[in-house]
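Each chain, letter by letter, is given below.
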Amino acid sequence: MLSYRHSFHAGNHADVLKHTVLVAILRALQQKEKGFFYLDTHAGAGRYSLQSKESEKTAEYLDGIAKLWQADDLPAVVADYLKQVKATNGDGQLRFYPGSPLIVCNLLRGQDSALACELHPSDFPLLRRNLQPFQQAKCLRGDGYQQLKAALPPPTRRGLILMDPSYELKSDYEQVVTALCEGYKRFATGVYAIWYPVVLRTHIKRMVRALEQTGIKKILQIELAMRPDSTQRGMTASGMIVINPPWTLEAEMREALPYLARTLGEDTASWTLSWLAGE
């Protein structure tokens, strides 16, 4: 299925969490001079207009990035994330939202490289155009999961793999774990970041159980909920599962998550941070 378009959801609370974590990991990787490789398995279009008909139809960004736009009391990691979004809006007005590949490409150093994969026939040309200015980045129209076999391990033996499927199908929750294992077999020292939506908690519990059964060590789960779990339609929360997280990430998110819950959510907002597997 290829009906999902992120343009309806760009800049929402799930994007805020995902991209805050993403920027924090990138900054940690940059602490070493040696270059790293970034693989985005489901890159999307790269940049989204918040004035598009899709964005205006849902207006999800109003409960996400818009609530941070004028804030001046941000935790350091959230402030760094917001700086990357503002870089895409040169006039100071919130009109565009950068997707994961654009955020990463804006932060790449000369020794780093990126591969952004997208299968959707409408989003891929947009992605290619949005990443055209970045010499270190390549775009591929195809199944990003296949690149977990083809592109790993990278020559530098340092890398970040973002796995961000649409979860249109229930099987996506199983497939992302299978794909992770394929990559991990080839590149066990890489940092893997899996984003997930909480629509039905049973799907997340099954995915977490499957991850625990892989035997992979060092798995950190980060989750931000706008409201309690529900059987009604709609996403109540989202999370990031990070394998081999930088040692700084847990402390940064312990500072950021309470702020994000308080600022983006209602009184019912909450957060969790836990290790699914340690050393």
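Structure: see above.
Below or above, wherever it landed, is the structure these notes cover. Bear in mind that the values here come from a model prediction, so they are computed numbers and not experimental data.

A closer look at the packing of helix α7 (residues 171-186) against helix α8 (residues 201-212)
Then, in step 1: For the pair α7 and α8, interaxial distance at closest approach is 9 Å and the crossing angle is 20 degrees. Here α7 lies roughly parallel to α8, going by the angle between them. The handedness of the crossing between α7 and α8 comes out as right-handed. Residues Y173, V176, V177 and L180 of α7 pack against H203, I204, M207, A210 and L211 of α8.
Then, in step 2: Looking at side-chain class alone, the contact of α7 with α8 contains eight nonpolar, one polar and no charged residues.

Some thoughts on helix α5 (residues 123-131)
Then, in step 1: Of all the residues in α5, the buried ones are D123, F124, L127, N130 and L131. The arc enclosing the buried residues of α5, seen along the axis, measures out at 130 degrees, which places them on a common side.

Some words on the environment of Q147
Then, in step 1: Looking at the secondary structure, you find Q147 in helix α6 (residues 147-150).
Then, in step 2: Taking relative accessible area as the criterion, Q147 reaches 15% and is therefore assigned buried.
Then, in step 3: In the structure, Q147 is positioned 25 residues away from S122 in sequence and 21 Å away in space, judged by C-alpha atoms.

Here's the deal with the layout of surface pockets
Then, in step 1: A volume near 1000 Å³ is recorded for the largest pocket.
Then, in step 2: Taken together, 34 residues form the lining of the largest pocket, with H9, E60, V199, G234 and M235 sitting closest to its centre.
Then, in step 3: Breaking the lining of the largest pocket down by element, the ones donating at least two residues are α1 (13-29) and β7 (191-198).
Then, in step 4: Here the residues of the lining of the largest pocket sort into 13 nonpolar, twelve polar and nine charged.

What about the packing of α1 against helix α9 (residues 249-264)?
Then, in step 1: Between α1 and α9, whose axes approach to 11 Å, the crossing angle comes to 160 degrees. Accordingly, the angle class assigned to the pair α1 and α9 is roughly antiparallel. Two packed elements cross with a definite hand, and for α1 against α9 that hand is right-handed. Each of H13, V16, L17, T20, V21, A24 and I25 in α1 lies in contact with α9, whose residues at this interface are L249, E252, M253, L257, L260 and L264.
Then, in step 2: Among the residues forming the contact of α1 with α9, the class breakdown is ten nonpolar, two polar and one charged.

Quick look at the pattern of salt bridges
Then, in step 1: Counted under the stated rule, the structure contains eleven salt bridges.
Then, in step 2: One salt bridge connects R27 with D80, and the closest N-O pair in it is separated by 2.7 Å. You can see R27 sitting in helix α1 and its partner D80 sitting in helix α3 (residues 76-87), a full 53 residues away along the chain.
Then, in step 3: Taking the relative accessible area as the measure of exposure, R27 reaches 28% and is therefore partly exposed.
Then, in step 4: Judged by its relative accessible area of 17%, D80 is buried.

What counts as what
Residues numbered from 1 in each chain as written. Predicted model: local features only at pLDDT ≥ 70, side-chain atom pairs only at ≥ 80, totals over all residues. Heavy atoms only, no water. Axes fitted to C-alpha atoms, helices over the stretch in contact; angles between N-to-C directions. Helix = DSSP H or I, 4+ residues; strand = E, 2+ residues; numbered from the N terminus. Parallel < 35°, antiparallel > 145°, perpendicular 65-115°, else oblique. Left-handed = near helix turned anticlockwise from the far one by under 90°. Contact = heavy atoms within 4.5 Å. Nonpolar A, V, L, I, M, F, W, Y, C, P; charged D, E, K, R; others polar. Buried < 20%, exposed > 50% of the residue type's maximum accessible area, 1.4 Å probe, protein only. Arc of directions from axis to C-beta. 1 Å grid on protein atoms, 1.4 Å probe; cavity = no way out; pocket = protein on both sides within 12 Å on 5 of 7 lines; lining within 4 Å. Points joined across faces, edges and corners; volume = space filled by probe spheres on them. Salt bridge = Lys/Arg side-chain N within 4 Å of Asp/Glu carboxyl O.

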